[in-house]
Amino acid sequence: MTADTGIPRLPRAPIARALGALLDGAFAAIRLLRAPRPIHSRGVVYEGRIRWIPDAVPADVSWIDDAPTAAIPVVARLSRSISLPAPLPDVIGLALRVTHDGRPVDIELASTGWGIPSRFFLAMHRRAEHARFGTLLPYRGRRGAVLLGARTRSGRPRATDPRGLASATETSQDATAEWTLTLGHASAVGRWHPFGVVELTVSPDQDDAGLRFDAVRRPLPGTRAYAWVRAARQPSYERVQADGTPLRMP
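This section reports on the structure supplied with the text. Since the structure is predicted, the reported quantities are computational estimates derived from the model, not experimental observations.

Each value, and the rule that gives it
- Residues numbered from 1 in each chain as written.
- Predicted model: local features only at pLDDT ≥ 70, side-chain atom pairs only at ≥ 80, totals over all residues.
- Heavy atoms only, no water.
- Salt bridge = Lys/Arg side-chain N within 4 Å of Asp/Glu carboxyl O.
- Helix = DSSP H or I, 4+ residues; strand = E, 2+ residues; numbered from the N terminus.
- Buried < 20%, exposed > 50% of the residue type's maximum accessible area, 1.4 Å probe, protein only.
- Polar contact = N/O pair within 3.5 Å; in protein donor to acceptor, adjacent residues only side chain to side chain.
- Contact = heavy atoms within 4.5 Å.
- Phe/Tyr/Trp six-rings, centres within 6.5 Å; stacked < 30°, edge-to-face > 60°.
- Core = buried A, V, L, I, M, F, W, Y, C linked by side-chain atoms within 4.5 Å.
- Pairing = 2+ DSSP bridges.

## Some thoughts on the pattern of salt bridges
Oppositely charged side chains may form a pair once their charged atoms are brought near each other.
In step 1: Applying the stated criterion across every chain yields a total of 11 salt bridges.
In step 2: The shortest N-O distance in the salt bridge between Arg 248 and Asp 205 comes to 3.7 Å. Here Arg 248 is found in the segment after helix H4 (227–241), whereas its partner Asp 205 is found in the loop between strand E10 (193–202) and strand E11 (224–225), with 43 residues between them in sequence.
In step 3: For Asp 205, a relative accessible area of 39% translates into the label partly exposed.
In step 4: Between Arg 217 and Asp 214 there is a salt bridge, with its nearest N and O atoms 2.8 Å apart. When sorted by exposure, Arg 217 lands in the same class as Asp 214, which is buried.
In step 5: Within the structure, one salt-bridge network assembled from shared partners comprises Arg 49, Arg 51 and Glu 199.

## Regarding the side chain of His 185
In step 1: By the secondary structure assignment, His 185 is in strand E9 (residues 179–186).
In step 2: Since its relative accessible area comes to 5%, His 185 is described here as buried.
In step 3: Of note is the side chain of His 185, whose polar atom sits 2.7 Å from the backbone oxygen of Val 57.
In step 4: Beyond its immediate sequence surroundings of up to four residues, His 185 is in contact with Val 57, Pro 58, Ala 59, Ile 64, Val 146, Leu 147, Arg 191, Trp 192, His 193 and Phe 195.

## Some thoughts on the environment of Ala 71
In step 1: Residue position: Ala 71 is located in the loop between helix H2 (62–65) and strand E2 (72–80).
In step 2: Measuring from C-alpha to C-alpha, the distance between Ala 71 and Arg 51 comes to 4.3 Å, with 20 residues separating the pair along the chain.
In step 3: Residue contacts for Ala 71: discarding those within four places in its chain leaves Arg 49, Ile 50 and Arg 51.

## Overview of the packing of aromatic side chains
In step 1: Taken as a whole and judged by the stated rule, the model has 6 aromatic pairs.
In step 2: Summarising the aromatic geometry, the rings of Trp 52 and Trp 63 are spaced 5.0 Å apart at their centres and angled 70° between planes, so their arrangement reads as edge-to-face. Residue Trp 52 is located in strand E1 (residues 43–52), and its partner Trp 63 is located in helix H2; the two are separated by 11 residues in the primary sequence.
In step 3: Residue class for Trp 52 comes out buried when judged on its relative accessible area of 13%.
In step 4: Accessibility expressed as a relative area gives 4% for Trp 63, which makes it buried.
In step 5: Look at Trp 114 and Trp 192: their rings are 4.4 Å apart centre to centre, the planes differ by 15°, and that puts the pair in the stacked class. Here the residue Trp 114 occupies a position in the loop between strand E4 (103–112) and strand E5 (124–125), and Trp 192 occupies one in the loop between E9 and E10, the gap between them amounting to 78 residues.
In step 6: Owing to a relative accessible area of 21%, Trp 114 belongs among the partly exposed residues under this scheme.
In step 7: Ring pairs connect the aromatic residues Tyr 46, Phe 133 and Trp 179, which therefore count as one cluster.

## Observations concerning unusual backbone geometry
In step 1: Here Ile 116 and Pro 117 are connected by a cis peptide whose omega angle stands at 5°.
In step 2: Positive phi values are uncommon outside glycine, yet Asp 101 reaches one of about 55°.
In step 3: Topologically, Asp 101 is positioned in the loop between strand E3 (90–100) and E4.
In step 4: What makes Asp 101 exposed here is its relative accessible area of 74%.
In step 5: With phi around 70°, Leu 136 is a residue other than glycine that occupies positive phi space.
In step 6: Looking at the element boundaries, Leu 136 is found in the loop between strand E6 (132–134) and strand E7 (139–141).

## Some remarks on the side chain of Arg 218
In step 1: As for its position among the elements, Arg 218 is in the loop between E10 and E11.
In step 2: Only 2.6 Å separates the side chain of Arg 218 from the side chain of Asp 106, close enough to count as a polar contact.

## Thoughts on the nonpolar core
In step 1: In this structure, Ile 50, Trp 63, Leu 94, Phe 133 and Leu 200 are the most contacted members of the largest nonpolar core, which totals 37 residues.
In step 2: Looking at this core, the elements with two or more residues in it are E1, H2, E2, E3, E4, strand E8 (144–154), E9 and E10.
In step 3: In this structure, Val 45, Val 75, Ala 95 and Leu 211 belong to the second largest nonpolar core, which totals 5 residues.

## A few points about the pairing of E1
In step 1: Note that E1 and E2 share 8 bridges and pair antiparallel. Considered in E2, the bridge of Arg 49 is made with Pro 73.
In step 2: Bridge analysis of E1 against E10 gives 7 bridges, and the strand direction is antiparallel. Pairing of Glu 47 across the sheet is with Thr 201, part of E10.

Here's what the structure looks like:
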């Protein structure tokens, strides 16, 4: 483990390490123009809760299968990857943070396809409520690869860019309306199984300095990151996230 970030040492995975170096260089170049966040530079903060669906199909992941008896609080950030202005399409990111046994747990989702192989590719959308969100890279569960996904159940988010919050408030008849999504899990090539419902509203506190997400350093309980996943993504994450800002908790 590195002393500053807690990122596990990278494995000897030459292809993944080469990809990680390439992404690291690209993030370094983009950061010169868009510091401190090379991508997803502007985001809207949401807060709410996650409640579990009774008798859901198990995922062999403790966080999913050991359902709490009550809803748990969540803080989220919704953003456009390239920050293209609406109504232009963009890759939309949705990051969630919960706590488990007193520690933060991050879930990073991006707009992807929903089938096979489209769930492993990013997809551009004009509106977040029309997107399907996936983890893109799998978790390593007890019995193999596990993907998380989310799709709109009802409502819609008021904005994906904080610059749009004022106009959204002015035109919305119900400024407190919830955006509700269904959380699901799937194997790499299996069908999606719903297990939870996320209910989000715009947070009155839009300071997102403490909302830097990392699903490898703050993993889902009952999962690990594959070695090739760490090698491919963590160099660029270490570059843009090791700033010492206190984490914002739900």
